[in-house]
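Analysis of the macromolecular model
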Amino acid sequence: MASGVTGPAEQARILDWSRAHHRDLPWRHTRDPWAVLVSEVMLQQTQVDRVVPRWRRFMERWPTTVACAAASPGEVLAEWQGLGYPRRARALHASAQRIEADHGGDFPDDLDTLLTLPGIGPYTARAVLAFAFGRDVAVVDTNVGRVLARRHGAPLGAAAAQARADEWVPQGHGWEWNQGLLDVGARCCRPRDPACGDCPVASECAWHLAGRPEPDPAWGSAAVSRPQSRFEGSARQARGRLMAALVGGPVDPTDVAAVIRWSDVPDRAAAAAVIVDGLVRDGLVELAEDGTLVLPR
């Protein structure tokens with residue numbers, strides 16, 4: 001079973017493939033850690049094509065941590081509208097403020113400090129180190145997680161996946177290597193209908209060499225995203241509708257059920273109150289002095 005690191009030959013194949021198939025994404029033209037962080041937070045659970053124009057617009061508006069920190073949370077949330085998962089925006093704004101307040105505007109460049117910033121987990125912290133600071137650390141997102149599990153031929157726990165990924169990074173090529181593996185996962189090692197014939201990892205991939213038996217080892221492996229629950233009619237959809245309405249101005253609490261289109265839900269007032277309470281608890285909505293709901297100021 002091709003479960004271990006095989007050395008320079010495989011690394012060279014992956015790097016060669018990466019140079020030939022490199023995706024030209026705007027955040028790959030910068031080493032600014034703030035720009036890298038914004039891209040990584042936006043890319044969480046959001047497709048690349050949707051992120052590209054929004055990342056450009058966000059960076060034009062707030063090109064530095066000091067600029068973003070000076071904005072209100074509500075301004076950042078309004079700019080984020082349509083990308084989904086607004087807690088990401090709230091955490092990004094809080095990170096900008098923390099960098100300014102606690103680090104004098106100097107972006108942290110070590111793993112432990114990055115992990116103390118709001119909303120930054122192991123993947124995002126390592127992505128900043130690799131893509132902004134050029135460190136030889138491995139990033140393991142859902143794309144890389146699939147590559148690792150299939151190559152190993154069995155699901156991997158978080159610690160094992162990170163360890164294998166770290167061992168795989170060729171010294172001095174951290175930026176290029178990680179970008180290449182992300183592209184391999186996105187273009188070749190796809191969740192369904194993987195393009196094994198085009199993949200530079202195929203000759204060392206235990207799952208491919210075994211004939212791609214079921215179950216796919218990627219499912220249930222570390223970092224590999226699971227299918228999401230139904231969006232239509234969900235609390236996520238309701239939260240999004242209320243947030244979108246708040247971008248246009250205050251909303252009276254008595255209008256929330258209509259705004260989120262839950263007019264047919266039993267005890268709709270109580271159900272709407274649960275949505276509001278969750279948004280307030282997450283710091284995404286505030287109650288103004290006049291009793292209306294508003295974005296945080």
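A short tour of the structure in this document, coming up. (Residues numbered from 1 in each chain as written. Predicted model: local features only at pLDDT ≥ 70, side-chain atom pairs only at ≥ 80, totals over all residues. Heavy atoms only, no water.)

As for the overall build of the chain
Here is the rule: A run of H or I in DSSP counts as a helix once it spans at least four residues, and a run of E counts as a strand once it spans at least two, with each numbered from the N terminus. Each radius of gyration is computed over the set of C-alpha atoms, and the globule rule expresses the reference value as 2.2 Å times the number of residues to the power 0.38. Working definition: with a 1.4 Å probe on protein chains only, accessible area under 20% of the residue-type maximum means buried, over 50% means exposed, and in between means partly exposed. The contact criterion used is simple: two residues touch if any of their non-hydrogen atoms lie within 4.5 Å. Note on areas: Shrake-Rupley, 1.4 Å probe, and residue coverage restricted to the protein chains presented here. When charges are counted, Lys and Arg are positive and Asp and Glu negative, with His and the chain ends excluded. Charge positions are represented by NZ for Lys, CZ for Arg, CG for Asp and CD for Glu.
A count of helical and extended segments in the chain gives 15 helices and two strands. For 297 residues, the compact-globule formula gives about 19 Å, and the C-alpha radius of gyration of the chain, at 21 Å, lands near that figure. Here the chain holds 297 residues, and the buried ones make up 50% of them. A separation of at least 24 residues holds for 63% of the contacts in the chain among residues at least 6 apart in sequence. When the accessible surface of the chain is summed, it comes to about 13900 Å², and 52% of that surface belongs to carbon and sulfur atoms. Each charge sign in the chain was given a centre, from 33 positive and 36 negative side chains, and these centres are 5 Å apart.

A word on empty space enclosed by the protein
Going by this rule: Here a cavity denotes a set of grid points, spaced 1 Å apart and computed over the protein atoms alone, in which a 1.4 Å probe fits but from which it cannot get out, and a pocket denotes an open set meeting protein on both sides within 12 Å along at least five of seven lines; residues with an atom within 4 Å of a point are reported as lining. Grid points are joined across faces, edges and corners, and a volume is the space filled by probe spheres set on the points.
Across all of its chains, the model carries two cavities of 30 Å³ or more by this definition. By volume, the largest cavity is sized at about 90 Å³. Taken together, 13 residues make up the lining of the largest cavity; nearest its centre are Cys-189, Cys-196, Cys-199, Ala-202 and Cys-205. Of all the elements in the fold, those that place two or more residues in the lining of the largest cavity are helix H9 (142-152) and helix H12 (206-209). Considering each element in turn, the lining of the largest cavity owes the most residues, three residues, to H9.

Details of the pattern of salt bridges
Definition in use: A carboxyl oxygen of Asp or Glu within 4 Å of a side-chain nitrogen of Lys or Arg is what we treat as a salt bridge.
Applying the stated rule across the entire model yields 15 salt bridges. Residue Glu-10 pairs with Arg-151 through a salt bridge whose shortest N-O separation is 2.7 Å. Within this pair, whereas Glu-10 is found in helix H1 (residues 8-21), its partner Arg-151 is found in helix H9, the two being separated by 141 residues in sequence. Residue classification places Glu-10 among the buried residues on the basis of a relative accessible area of 1%. We note a salt bridge from Arg-297 to Glu-286, for which the minimum N-O separation is 3.1 Å. Residue Arg-297 is found in the segment after strand S2 (293-294), and its partner Glu-286 is found in strand S1 (residues 286-287); the two are separated by 11 residues along the sequence. One network of salt bridges, with partners in common, ties together Asp-16, Arg-19 and Glu-176.

Some words on helix H5 (residues 73-80)
Across the eight residues of H5, six count as buried, placing the element largely inside the fold. Where H5 is buried, its residues contact helix H2 (33-43), helix H3 (48-61), helix H4 (65-70), helix H6 (87-103) and helix H13 (235-247). Count one or two residues on from H5 and you reach Gly-82, which has phi positive near 100 degrees.

Digging into the packing of aromatic side chains
Rule in force here: Here a pair means two rings of Phe, Tyr or Trp (six-membered ring of Trp) with centres within 6.5 Å. Their orientation is stacked below 30 degrees between planes, edge-to-face above 60, and tilted elsewhere.
All told, the structure shown has five aromatic pairs when counted by the stated rule. The interplanar angle of 90 degrees and the centroid separation of 6.3 Å between the aromatic rings of Phe-58 and Trp-80 together place this pair among those described as edge-to-face. Of this pair, Phe-58 sits in helix H3 while Trp-80 is found in helix H5, placing the two residues 22 residues apart along the sequence. For the pair Phe-58 and Trp-80, a shared accessibility class is recorded, and that class is buried. Seen in terms of ring centroids, Trp-168 and Trp-177 are 5.5 Å apart; in terms of plane orientation they differ by 75 degrees. Their pairing is edge-to-face. You'll find Trp-168 and Trp-177 in the same group, each marked buried. The rings of Trp-34, Phe-58, Trp-62 and Trp-80 are connected pair by pair, giving a single aromatic cluster.

A few points about the nonpolar core
Nonpolar side chains in soluble globular proteins tend to end up buried together. Rules: Residues belong to a common nonpolar core when they are buried Ala, Val, Leu, Ile, Met, Phe, Trp, Tyr or Cys residues joined through side-chain atoms within 4.5 Å.
With 81 residues, the main nonpolar core has Trp-34, Phe-58, Phe-131 and Leu-242 as its most contacted residues. In contact with Trp-34, not counting residues within four places along its chain, are Phe-58, Met-59, Trp-62, Pro-63, Thr-64, Thr-65, Cys-68, Leu-92, Ala-96 and Phe-107.

A closer look at H9
Keep this limit in mind: Here a polar contact means two N or O atoms within 3.5 Å. Within protein one must be a hydrogen donor candidate and the other an acceptor candidate, and residues neighboring in sequence count only if both atoms are side-chain atoms.
Most of H9 is tucked away, with 10 of its 11 residues classed as buried. Listed in full, the buried residues belonging to H9 are Asn-143, Val-144, Gly-145, Arg-146, Val-147, Leu-148, Ala-149, Arg-150, Arg-151 and His-152. At its buried positions, H9 is contacted by H1, helix H10 (158-168), helix H11 (174-187) and H12. Between the side-chain oxygen at the start of H9 and the backbone nitrogen of Asn-143 there is a gap of 3.0 Å, and the oxygen is on Asp-141. Directly after H9, the chain includes Gly-153, whose backbone phi takes a positive value near 90 degrees.

What to know about the environment of Leu-148
Inspection of the secondary structure assignment puts Leu-148 in helix H9. Not counting residues up to four positions away in its chain, the partners in contact with Leu-148 are Val-140, Leu-156, Ala-161, Arg-164, Ala-165 and Trp-168.

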